[in-house]
Each structure stands twice: as C-alpha cells, then as structure tokens.
Amino acid sequence: MIDHVESQTILIVDDDPVARMVAAAHLRKEGYAVALAENGAVFLEILQDINPDLILLDVDMPVLDGFSACRQLRSLHSGKAVPVLMMTGLEGDNSIEEAYEAGATDFIAKPVNWTLLKQRLRFMLRAVNAMSDLVESESRLAKAQSIAGLDYWRWDLVREKMIFSDKLAERFNFNVNSITVQQLVDRVAEADRPRVTQILQCSNDPTSIPADFEVTLDHRSDTEEYKVFRVQSELEYDTQGALVAIEGTLQDITERKEAEARIQFLSRFDRLTGFQNRESFTRVMYSLIGECIRRDGCIALVLIDIDRFVRINDIYGHRTGDEVLLEVSRRITAFVDQLRQEVGDLRSEVCRWGGDKFGLAICCSSSLDCNVDVTTRLMDCISAPFRVNGHEVSLTSCIGYARVVDTNLDLGTLLRNAENAMRNAKRQGRNIVRCYDDSMLELTERRMTLEVELRKALPNEQFKLHYQPRINAKTKCIVGAEALLRWEHPILGSLSPVEFIPVLEEMGLIHEVGAWVMEAACHQLKTWHNCGFSDFVLSVNLSAVQFRDIRLAQEIGAVISRTGITPEYLEFELTETAIMEDVAQTQATLALLKEIGVQLAVDDFGTGYSSLGYLRSFPLDTLKVDRTFVSELPGNSSDRSLTSAIIAMARSLSLHVVAEGIETQAQAEFLLEKQCDEFQGFLYSKPVDGQAFDALLKSGKSLG
C-alpha cells in the first residue's frame, strides 16, 4: 500500500502489521507521507515506483531480512544516498555492528520510543537536505569551473608541498599525492621559466608575488604541445601573521589567446594572401621612407590592379577567384625575391591593397631606378598563363607607380600619385603601365570637378541634343540623323562627350542620362514625322553600360509607347566592343529589341574584333564604317582595301552601309563607287541643334 506523496516520504518496512500501522499513524501525524512494505522483497519491488526520502527498516523479517535488504539497496545507484534507520529487537553489539556494515545510516532498538524516533528522523532528514544542497552546490561550482576552465591549486609553504585538484593533476599527468615545485617549473615553457622561477623565489617577500599573471605550460599532449594559463592567487597567513600558503586558480585561456592573436593578425594582415593589409602597409611605409632618407636611396610605390577580375568570380566562382589571387600573390613574392637577388640592398613591403589590387613598395640604393622596365617585368610575371581548379587562366593587369623623385619623400603625396597613376593606366585599357607625372594630378582634379558638376547637369537642364544629318549617297538628300549628346556648362563651357560619357558610366549616371536622351530623341522624331518627314530615321547611341542593363528593352518599349513613334524609324547604335563583350547576352538583348521593331546598327565597325561569323548571328540592320578608315581615302591604299572589304562584306549580309567622317568630295566619290548607302560628315553638315536641323529639313535642298 502506498499513500499519496505530498511532502517528504518515509518508507516503513516491517513484517509486523501492527508495528507498521502504529508507525504510519505517528509519522502521518507529523506531516510525512508514508509508504509501507511487509518484508524485504516487497520493499525492493516498491523502490522501482517511489523514491523515498528516508527508509525505516526492520531487521528481523521473513523472506529477506533487513541486513540483506539494506545491502541490496546500497548496491543500487538510486539507493546509495537514501538514509536508512534500522529497527531491531535483537540484543547485543553484534547486531548493531552488522547494521552499520550493511549500510545503515542509524540504528534504534525496539520497542520504539516514538518521541526519540521523531527527533532522530527530523535530524536525519535535515542532514540529508543539507548534504543534498551541498552536493548540488558543489556540482554547480564544478560545472562553472569546467565552463570557465578553472582548476584549484595550493602551495603549502610550511610543508613545502604543492596541492592540485584532481582534475588539474590529471591534466598534467601528476601524482596528486606527490607534486613538487620543481615538477611544475619543468612544465613551464622555456621562455617563461626565468619569470616563474623568480616568482617562486619570492615566497619570503609575499608583496612581490603577482596576484594575476599568465604563463605558458607544456601540456605534453599528442595534439597540443603548449597551453596558456591565467594564474590567480591569494596569500594565506596564520594567526601570527606569517605567510603559510598561497592558493588560487589556474584557468586555461589558450583559445582566448589564439583568438586574440587571430584578431591581431587580421587587423594587420590579409586573411587570404597573408600580405599586409592597406592600413598596416601604410604604417610600415613611414619607417621605409625614414630608412630611405638615412640611406640616401630611392623609393617607389607600385599599385597593381588585375583587369576584369570580377569575370573570373562570375564564371568560375569565388573559390577559384581566391585561388587566382593566391597565385598572383605568390608571383609578386617571387618577383620581389628575384629583384632582391639582382639588387642586394633592396628592401620591400607587399600588401593586398583591397579586392583585386596589390601594393608593392621598393626601397633601395639610388643605383636601381624603379622604371617602366621593372614594372613591365612585374606585369609579365603576373600575366603568364596558369591552371587553377581545372581552369586555364590568363590575366592582364594595370600598374601605376610613383617614385621618390616625384614626391620629395612625403607619404601622402606618394600614395596619391601612385593611385593617380594606376587610375590613368586603367583608363588607357588593359595590360598598361603608367608612371606618375604632374599632368595626371590635373586630370584627376578635372575629373573630380566633372563628377561634382555632372550630378547637377540633368536637373539643371544643361544637356542638349544635337543632330548630324545622314545623307543618301546618290541623291544627297537627308534621310536621317544621329542624335548626339552635348553638355553646355555655364562655367566650363561646351564639353566633349569623349570626356564626360566615361565619367557618367563610372558614376552610374549613364542610365538616368541615357533614359533622358531616349525620351528627348523620340519626342523630336515624333515632331519631325508629324511635320511630314515620315521616312526620317533617327539613330541613338547606346553605351556598353546601358547595353548590359537587363531592363533596356523594357525601357525602350515604354518610351516608344509614351511618345507614339513608329519603332522601325528608331535606330540604336552599338559599338563593336559592346556587342562582342558577352556574345550570348548580346544575342538575347538584340532579339528583344528586334521584337519591339527598332533598327540596330554597329557603330565604329573595323576598330574591334568582330568576325563575319558573329555578325551573321546578330539581327543587325546597319553597319557604320569608322572614320579612321575614311580619313585618308582615297590616297591610302590600305584604307582603300579595308573599306572596300568592309562594304562588300556588309552587302553580302544584306546590311545597310553608312560611312562616317566624310570631309572631302574625293572620299564621297570613292565610297559611292564602292556602293556605300549613306554618308555622314562635315562635308555635309556638322552636328547642329534641333532648330538648325529643322531649317535643313524644311529647306528641301540637296546637301551634295
């Protein structure tokens, strides 16, 4: 029989039913919950269902006596700590000794003195609760110490003995009963040993013993040779004020120190290449310049920018991109090593400037001049093909550098000039080396001015469209025009598109300005059609940046819809370079534009790298012969041959042919003979504003 447990539970085990009943009555009156068992065997079965706070166990029982039952209880994991109070009517000391040997907590004789029993039970249960709280507290403390990596130690100065916690002794494979100071010293890393020895020798002067310090110890592990510990200590004095012991904790801070070292490394060095980062490199440059001054040497700062590196990430993924940057870093290192062999007193510093850019500082005697030859060798070193992750990669780079003679050893100026040189190299194309000169600073200042003013140009209505006529080669009548963007600045004056279009592209403003150009051109085309010039074709230039925008076809369709023009009279001109940059995307974009119904032309043909095969795969309508092939006609035999071939190829593909840059009658006659369809150039008219072009159209005169 088991009562409902509401408080502390006492299990009464007795074969005498009257004794069980009387005991249960007394205990319930005291507020205890009671469980009953008539012999030792039933008692052990009941333990599977309840967890009593105390067991009142009779000794003399049938089936299984109290001594045997207690022994079996203590063999169970759940029964090791529960208190057992044995009751017996047996006389003699032997039964008492046997009770304690069996595992009894206490012993009481029958007949039971219930007043004494109640007090003894209260005492035993309080002791159990106190012990339970202590065990739980020690468990929490041990858990906290484990999480914090704390171990306990004590140095008994009187007995000259080191005392370690069991876990700490096990960590260092020490015998916990025989640890000596010398054993501990032997485990200290060699670099820390003199300091630790000095601390241990300060026991006679406790004020000089640090209360908190770090030490590196030999861990003697298969996987870890050394670990770093934080040692904290307190001094223990006797009643006479004499120092008798030092005790404290030992905390494993290896992971924290490694993390701190990693953070320190990343604050100064690039994670991927191991090169210095830009900030660290800049700090080192100060000392490098100082050394250069002392040695009366020369210094050069070289900046390297990998061309079109983003395409490697896009095509092969960032993992391959990282491997490529690693290979570049190795090649720069190898180049510097080779240079050092050639010039013995050379000092250099290398950094990852950021992204796909690297920096190299060279300091040496004045006998070595960092010139175009040196930087060209570096560029060639980087550009040699190599394989990475199964892909063959061939890189080009732009290099800009500035020398000490340009900067008078001023770091800020040196950095600025090297960056100007690198930007200048990038604007020139790919695989270019440029050394800084003063004109670059003027260009940079000019460019900054343009950037500031371009942001205000569109809202302030400073952009205008001019139109250059396209002339029928036979009739010399105007059959169309090319819309050309002009920027009229109130202070800077009239600026060439050659100067400001690249800036618009780099700033990301080309989309906004390009949208304005399309809108304005379409409105003008609609006006001319309404005036009766119904067969008039207007061409608009698209930059490579605009052409790469996936929204292009949608935006053009929207403009055509808003303005109400007939799309077949709107032509878009694209350069060879733009259409050949990504052939697959070009084919998709051109197909979308042809669905709208507009015409498509290749501008500046012959200056890029188009092939006949590619031109046949594109849905083109017009081919424009570049002015560079026209300017020396008909006198230049090479230009005559090239121009004739281009026109013949275009006609074989059923393409309309327009020649640009016509300035002389002789040029026009030669091109007409080769069956060119249209002319465009100063021979007929320079680009003019809308009002002047209206006058040309309405005059109805031939311009030939």
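Structure: see above.
Residues numbered from 1 in each chain as written. Predicted model: local features only at pLDDT ≥ 70, side-chain atom pairs only at ≥ 80, totals over all residues. Heavy atoms only, no water.

Novice: Explain the nonpolar core to me, please; I cannot follow it from the model alone.
Specialist: For soluble globular proteins, nonpolar side chains are generally found buried alongside one another. Counting 80 residues, the largest nonpolar core has F463 and L671 as its most contacted members. Ranked by residue count, the leading element in this core is helix α18 (residues 510–530), at eight residues. By size, the runner-up hydrophobic cluster in this structure holds 58 residues, among which are L325, F335, V404 and C435. (Core = buried A, V, L, I, M, F, W, Y, C linked by side-chain atoms within 4.5 Å. Buried < 20%, exposed > 50% of the residue type's maximum accessible area, 1.4 Å probe, protein only. Helix = DSSP H or I, 4+ residues; strand = E, 2+ residues; numbered from the N terminus.)

Novice: I would appreciate a short explanation of the pairing of strand β11 (residues 298–306) in the present structure.
Specialist: Here is the key point about a regular strand: its side chains alternate between the two faces of the sheet. In terms of burial, β11 is largely enclosed, as nine of its nine residues are buried. Neither face of β11 is open: one carries C298, A300, V302, I304 and I306, the other I299, L301, L303 and D305, and all of them are buried. Pairing geometry for β11 and strand β13 (residues 357–364), over eight bridges, is antiparallel. By the bridge assignment for β13, A300 is matched with I362. Two strands pair when backbone bridges link them, and β11 and strand β16 (residues 397–403) are joined in this way by seven bridges, in the antiparallel orientation. Within β16, the residue paired with I304 across the bridge is I399. (Pairing = 2+ DSSP bridges.)

Novice: What exactly am I supposed to notice about the pairing of strand β18 (residues 463–472) here?
Specialist: Judged by how many residues are buried, β18 sits mostly within the fold: eight of 10 residues are covered. In this structure, β18 lies alongside strand β19 (residues 478–489), joined through nine bridges in antiparallel fashion. Paired with F463 across the strands is W487, a residue of β19. In the sheet, β18 pairs with strand β27 (residues 688–689) via two bridges, with the strands oriented antiparallel.

Novice: Please explain the sheet that holds strand β8 (residues 212–218) as it appears in this structure.
Specialist: The strands making up a sheet associate through backbone hydrogen bonding, with each pair oriented either parallel or antiparallel. Read across the open sheet, the five strands follow the order β7-β6-β10-β9-β8; overall the sheet is antiparallel. Looking at which strands have only one partner, the edges of the open sheet turn out to be β7 (161–164) and β8. With direction set aside, neighbouring strand axes in the sheet form an average angle of 30 degrees. Pairing of strand β6 (residues 150–156) with β7 involves four bridges; the strand directions are antiparallel. (Axes fitted to C-alpha atoms, helices over the stretch in contact; angles between N-to-C directions.)

The quantities given are spatial measurements derived from coordinates; they are silent on function.
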